[in-house]
Amino acid sequence: MAGTPTIFHGSFVHSTKEKDMVTHNDMVIGVERGKIIFIEHETRLPDLMSEYSVPRDKVRHLEKWQFLMPGLVDTHIHAPQYAFAGSKMDLQLYDWLSTYTFPTEAKFKDLKYAMDVYSKVVDRTLKNGTTTACYFATLHRDATNLLFQIIEKAGQRAYVGKVNMDCCSPTYYKETMEESLEDTKKFVESTVSKKNPLVTPIITPRFTGSCSEELIMSLGRLNQQYQLPVQTHELETRADVGTGGLNHLHIWDKAGLLKHNTVLAHCVYISEEELDLLKLRGSGIAHCPNSNITLRSGFLDVRHVLEKGCKIGLGTDVSGGYSCSMLDALRSASQVSKTIAIQREERGENYEILTYKELFRLATLGGSEVMGLDETIGNFQVGKDFDGIVVDPLVENSPFDVFSTDTFSDIIQKFLFLGDDRNMIDVFVAGTRTSGR
Ligand SMILES: [Zn+2]
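Note that the structure is a prediction, hence the values are computed from the model and not measured. (Residues numbered from 1 in each chain as written. Predicted model: local features only at pLDDT ≥ 70, side-chain atom pairs only at ≥ 80, totals over all residues. Heavy atoms only, no water.)

1. Side note on the overall build of the protein
- A tally of helices and strands in the protein yields 13 helices and 18 strands.
- In terms of overall size, the protein behaves like a compact globule, its C-alpha atoms giving a radius of gyration of 21 Å where 437 residues would be expected to give roughly 22 Å.
- Along the longest, intermediate and shortest principal axes, the C-alpha atoms of the protein span 65 × 55 × 40 Å.
- A buried classification covers 59% of the 437 residues belonging to the protein.
- Summarising the internal contacts of the protein: among those between residues at least 6 apart in sequence, 74% fall at separations of at least 24.
- Charged side chains of the protein number 47 positive and 58 negative; the gap between the two group centres comes to 3 Å. (Helix = DSSP H or I, 4+ residues; strand = E, 2+ residues; numbered from the N terminus. Rg over C-alpha atoms; globule rule 2.2 N^0.38 Å. Buried < 20%, exposed > 50% of the residue type's maximum accessible area, 1.4 Å probe, protein only. Contact = heavy atoms within 4.5 Å. Lys, Arg positive; Asp, Glu negative; His and termini not counted. Charge placed at Lys NZ, Arg CZ, Asp CG, Glu CD.)

Right, dumping it as structure tokens:
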């Protein structure tokens, strides 16, 4: 019933601005019209039920070992590339783009094909707990509109971008500067007018080399009018590093496209000066470790980015990254951090690896900060939207086992490193159940 709060009672885990991980047992969280209206100790449950007129059947008592966590935030994913996720992993970035990616993306002119792939990627990511996703679509306006509609219907929170690419593209998959701008304008106008609180268009120049300066400047002017989020790829491979200085980020900054809600994928080869500029502008990095290994691009030093105080979250980068699961992104980030540690130790240096608590923060609150959504989602806080996952470690066919000696902290770690969608029995976006077992 609309207007009647739902109460969740049990354990939960989340990150706060101050701490990477905070756990609570015996708590109650009240949700009304998609928003968290109270978080209190369970001793207050009877009072809260009468105060808010909540009937018994609107109180969800989590069972032993079940817990609630914030929804996962995928800061970088290419919806059309889901079609070949898990295959075609033999090449490095630029060969991979021309051999597999552009031919696949070109097929999205066909709306029937787009419908099939887009329905599946939204369904699969939601099932895997991705309550918020930052999507690249393709050059096609119609198919990008379709992706927008599919996401709206499924109830996922998302940014959706029509890709801009007027340079260095193959003859069968390209657009002129004028077409690129015109189609982006039309896509933005038609989607902004829907005023959907969950799904927003995002300005999406593919990367610096794929857009003319004229197009980038025009997108900057368009964005001044609509104040939308922005996403692109930056400094992904060694070949992307120019002559130094600010030549890559500078072009986005010149166009006014480096903002608090600008998402820069990868930044593996980012310089100190560029990190300083990112911090100054409040733009964030989407760290995509599976992709960085699969395409053999390199290792981003996340510890250094965190020490610099820049915003950073995790992305699957499907299908440069072969898995659409954010738990996989978290695990890959751990492996990359440990690989850097091994390299440093060989040089006689110490390196502080990412802890499971930091990895958890990157996958939730960190991602929300990168997307400029941390006032709305990312953790459990009164006034924020309720985007959450009910995790059941004891579900039938669970991919991991629980022992009598396990603590809550052990269970959280086991879920993060061994769990999967089978353990996610409910996935909520703004208080609405979107997926689950
Ligand atoms: Zn990407």
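2. Overview of the sheet that holds strand β14 (residues 284–287)
- The four strands lie next to each other as β12-β13-β14-β15, forming an open sheet whose pairing is parallel. Here the strands that pair on one side only, and so sit at the sheet edges, are β12 (230–234) and β15 (311–314). Shown here is a sheet whose adjacent strand axes are inclined to one another by a mean of 30°, direction ignored.
- In the sheet, strand β13 (residues 262–266) pairs with β14 via three bridges, with the strands oriented parallel. Paired with Leu 264 across the bridge in β14 is Ile 285.
- Sitting on the sheet, helix α12 (residues 356–370) is in contact with β13, β14 and β15, with an inclination near 120° to β15. (Pairing = 2+ DSSP bridges. Axes fitted to C-alpha atoms, helices over the stretch in contact; angles between N-to-C directions.)

3. A closer look at the pattern of salt bridges
- Inspection of the entire model under this criterion finds 28 salt bridges.
- Close ionic contact of Glu 105 with Arg 206 constitutes a salt bridge, the shortest N to O distance being 2.9 Å. Here Glu 105 is found in helix α2 (residues 93–106), whereas its partner Arg 206 is found in the loop between β11 (204–205) and α6 (213–226), with 101 residues between them in sequence.
- For Asp 276, the salt bridge goes to Lys 308, with nearest N and O atoms at 3.0 Å. Placement of Asp 276 in helix α8 (residues 272–281) and of Lys 308 in helix α10 (residues 302–308) is noted, with a sequence separation of 32 residues between them.
- With relative accessibility at 42%, the residue Asp 276 sits in the partly exposed group.
- Overlapping salt bridges, with partners in common, bring together Lys 17, Asp 20, Arg 361, Glu 369 and Asp 374 in one network. (Salt bridge = Lys/Arg side-chain N within 4 Å of Asp/Glu carboxyl O.)

4. Re the sheet that holds strand β7 (residues 130–136)
- Read from one edge of the open sheet, four strands run β6-β7-β8-β10, paired in parallel fashion. Edge positions in the open sheet fall to β6 (72–78) and β10 (199–201), since each of these has one partner strand only. Direction aside, neighbouring strands of the sheet carry axes that sit 15° apart on average.
- Of the strand pairs in this sheet, β7 and strand β8 (residues 157–161) are connected by five bridges, and their pairing is parallel. In the sheet register, Thr 132 faces β8, and the bridge partner there is Arg 157.

5. Topic: the nonpolar core
- Of all hydrophobic cores here, the largest spans 88 residues; its most connected members are Phe 67, Met 69, Tyr 118, Tyr 135, Leu 147 and Phe 415.
- Inspection of this core shows a minimum of three residues originating in each of domain 1 (6–70 + 378–435) and domain 2 (72–370).
- Tyr 118 has contacts with Ala 79, Pro 80, Phe 108, Ala 137, Thr 138, Ala 143, Leu 147 and Ile 150, leaving out every residue within four places of it along the chain. (Core = buried A, V, L, I, M, F, W, Y, C linked by side-chain atoms within 4.5 Å. Domains from an automatic or database assignment.)

6. Some thoughts on the side chain of Ser 283
- By the secondary structure assignment, Ser 283 is in the loop between α8 and β14.
- In this view, Ser 283 contacts Leu 258, Lys 259, Thr 262, Leu 264, Leu 278 and Lys 311; residues no more than four positions away in its chain are not counted.

7. Quick word on the domain arrangement of the protein
- Each assigned domain of the protein is listed with its residue range as follows: domain 1 (6–70 + 378–435) and domain 2 (72–370).
- Once you take the C-alpha centre of each, domain 1 and domain 2 turn out to be 29 Å apart.
- Each partner contributes to the interface: domain 1 provides 31 residues, whereas domain 2 provides 26 residues.
- Buried area between domain 1 and domain 2, both sides added, is near 2,400 Å², and the carbon and sulfur share of it is 64%. (Buried area = accessible area lost by both parts, 1.4 Å probe.)

8. Thoughts on the coordination of the zinc ion
- Taken together, His 76 (NE2), His 78 (NE2), His 233 (NE2) and Asp 317 (OD) make up the protein donors of the zinc ion, found 2.1 to 2.3 Å from the metal.
- If you look at the zinc ion, its four donor atoms make angles of 88 to 173° with each other, and the shape they trace is irregular.
- In terms of primary sequence, the donors binding the zinc ion are separated according to H-x1-H-x154-H-x83-D. Residue His 233 is found in strand β12, and its partner Asp 317 is found in the loop between β15 and α11 (326–346); the two are separated by 84 residues along the sequence.
- Assessed through its relative accessible area of 8%, His 233 is described here as buried. (Donors = N, O, S within 2.8 Å, 3.2 Å for Na, K, Ca; no water. Tetrahedral: all angles 85-135°; square planar, octahedral: opposite > 155°, others 65-115°.)

9. Some thoughts on the environment of Val 192
- Mapped onto the fold, Val 192 is located in helix α5 (residues 177–192).
- Remark: the alpha-carbon pair of Val 192 and Trp 96, spanning 96 residues in sequence, is separated by 33 Å.

10. Digging into the environment of Asn 196
- Locating Asn 196 in the fold gives a position in the loop between α5 and β10.
- Given a relative accessible area of 21%, Asn 196 falls into the partly exposed group.
- Asn 196 sits 44 residues away from Glu 152 along the chain, and the two C-alpha atoms are 7.9 Å apart.
- Among the polar contacts made by the side chain of Asn 196, one reaches the main-chain amide nitrogen of Leu 198 at a distance of 2.6 Å. (Polar contact = N/O pair within 3.5 Å; in protein donor to acceptor, adjacent residues only side chain to side chain.)

11. Section: unusual backbone geometry
- The residue after Val 318, namely Ser 319, is reached through a cis peptide bond having omega 5°.
- Mapped onto the secondary structure, Ser 319 falls in the loop between β15 and α11.
- The backbone of Trp 65 sits at a positive phi, close to 75°, despite the residue not being glycine.
- The topology assignment puts Trp 65 in the loop between β4 (59–61) and β5 (67–70).
- You will see that His 266, though not glycine, has its phi angle at about 85°, which is positive.
- Considering the arrangement of structural elements, one finds His 266 in strand β13.
- Given the relative accessible area of 0%, His 266 is considered buried.

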